[in-house]
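Each chain, letter by letter, is given below.
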Amino acid sequence: MPETRQARPRVVVTRELTDAVMERMEALFDATNNRADVPMTRDQLAEAMATCDVLVPTVTDVIDAGLIEGAGERLRLIANYGAGIDHIALQAARARDIIVTHTPGVLTEDTADMTMALILAVPRRLVDGEKLIRSGDWRGWSPGGMLGRRIGGKRLAIVGMGRIGQAVAARARAFGLSVHYHNRHRLPQVLEAQLGAIWHADLDDMLRIADIVSINAPHTEQTQHLIDARRLALLGSHAYLINTARGEIIDEAALIEALEQGRLAGAGLDVYEREPAVDPRLLALPNVTLLPHMGSATIEGRAAMGDKVIANIRVWVDGHRPPDQVLEGWI
């Protein structure tokens, strides 16, 4: 028989979610919502984890081993509001028999849309053009004005071919891009054919032929600084780098140096290695489009994330394994 838990568990939500999600949380559970949306300090997180049954953190909350080891006996579920779980010490949670869940799948299309937007915006200089109009300095059309790079026919190299990588590939093919990818495991040939995607077992080999690189891999120990100075040097001065995954996957200092020295044509970044801090050198570069980690920021997506969190908690309360439990393979 499944283990039935307290019908109204004490739930602490670390950031402000949508009104509908917060109201439903309060109706279903003994929930404390952070309606002020001020990020919780480490001490506040520790206090919450000492007394709650369920913690609902977000990507802004670092739930490290120390916090988990010091958590109260009541804490049995960390229901993450987001797909990425690199901010949670999974091994420490497993050692305490604390279940961790996340919200996969619901942000795939939104993030792929934003990735494609950057793939278009950076080579075609859309942000530069918008700034020129607002400056009042535009003097009308000219043959040599605002020249960018054509998208069609270019080679797009996707690093990480999970749900989001595949969704990016489908969009890119419609724009006439040649799709290449590197992944731990090769996709089935039927899916490769559908996406028109060419697999590269060796990441370095793929980077050497890339015109545009899109980072769509999760952040893990294996992908920390996966794109470092050596790999950036494999790209040509005509290449563009797009990152809507996690900032830590790219060695940001090495990227800045490559951009400053003209060894890369440009970059489109939605994530940063030390966010919310953004390196001032990035702000000064004219060939970089910078976004405030908004790849998944749609009303529909945020609502769907909340629905998944609530579903995971309710199934856990009923004594069953939550549908989006993070399993052994993530560690």
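Note that residues are indexed from 1 along each chain, following the sequence as it is written. Since the coordinates come from a predicted model, pLDDT governs what is reported: local features require at least 70, and pairs of side-chain atoms require 80 or more to be given and counted, while whole-chain, interface and lining totals use all residues. Each side-chain value is derived from all of the structure's non-hydrogen atoms; neither hydrogens nor water enter the calculation.

By the naming in an unreviewed UniProt entry, the protein chain goes by Lactate dehydrogenase-like 2-hydroxyacid dehydrogenase and is assigned to Hephaestia caeni.

> Explain the domain arrangement of the protein chain to me, please; I cannot follow it from the model alone.
How large an interface is tends to be reported as the accessible area lost when its parts come together. The domain boundaries here were taken from an automatic or database domain assignment. If you check the domain split of the protein chain, you get domain 1 (10-102 + 298-330) and domain 2 (108-290). Computed over C-alpha atoms only, the centres of domain 1 and domain 2 are separated by 32 Å.

> I tried to follow the pairing of strand β9 (residues 212-215) on my own but got confused; where do I start?
Taken residue by residue, a regular strand's side chains alternate between the two faces of the sheet. Each residue's exposure class comes from its accessible area (1.4 Å probe, protein chains only) as a fraction of the maximum for that residue type: buried when under 20%, exposed when over 50%, partly exposed otherwise. For helices the rule is a DSSP run of H or I covering at least 4 residues; for strands it is a run of E covering at least 2, with both sets numbered from the N terminus onward. The alternating pattern of β9 places Ile212 and Ser214 and Val213 and Ile215 on opposite faces, both of which are buried. A pair of strands is considered paired only if DSSP assigns at least 2 bridges between the two. Inspection of the sheet shows strand β6 (residues 155-159) paired to β9 by four bridges, in the parallel sense. Bridge pairing in β9 links Val159 to Ile215. Direction of pairing for β9 relative to strand β10 (residues 240-243): parallel, over a ladder of four bridges. Note on β10: the bridge partner recorded for Ile215 is Asn243.

> What am I meant to see in the side chain of Asp61 here?
Of note, Asp61 is situated in the loop between β3 (54-56) and α3 (65-69). Of the side chains with opposite charge, Arg15 comes closest to the buried, unpaired Asp61, at an N-O distance of 5.9 Å. Within polar-contact distance, the side chain of Asp61 engages the side chain of Thr14 at 2.5 Å. Here Asp and Glu are counted as negative and Lys and Arg as positive; His is not counted, and neither are the chain ends. One speaks of a salt bridge when a side-chain nitrogen belonging to Lys or Arg is within 4 Å of a carboxyl oxygen belonging to Asp or Glu. Here a polar contact means two N or O atoms within 3.5 Å. Within protein one must be a hydrogen donor candidate and the other an acceptor candidate, and residues neighboring in sequence count only if both atoms are side-chain atoms.

> Mind showing me how you'd approach the UniProt feature "domain: D-isomer specific 2-hydroxyacid dehydrogenase NAD-binding" (unreviewed entry) in the protein chain here?
UniProt's feature table lists "domain: D-isomer specific 2-hydroxyacid dehydrogenase NAD-binding" (unreviewed entry) at residues 116-295, given in the numbering used throughout. Taken end to end, residues 116-295 has its terminal C-alpha atoms 10 Å apart, with 34% of it in helix and 16% in strand. UniProt positions are given in the numbering used here, feature names are shortened, and annotations may be inferred rather than shown by experiment.

> Would you mind showing me how to read the environment of Asp251 here?
Here Asp251 is to be found in the loop between β10 and α11 (252-260). For the pair Asp251 and Asp228, spaced 23 residues apart in sequence, the C-alpha to C-alpha distance is 5.0 Å. Whether two residues touch is decided by their heavy atoms; if any such pair falls within 4.5 Å, the residues are in contact. Ignoring anything within four residues of it in the chain, the contact list for Asp251 reads His225, Ile227, Asp228, Leu232 and Glu273.

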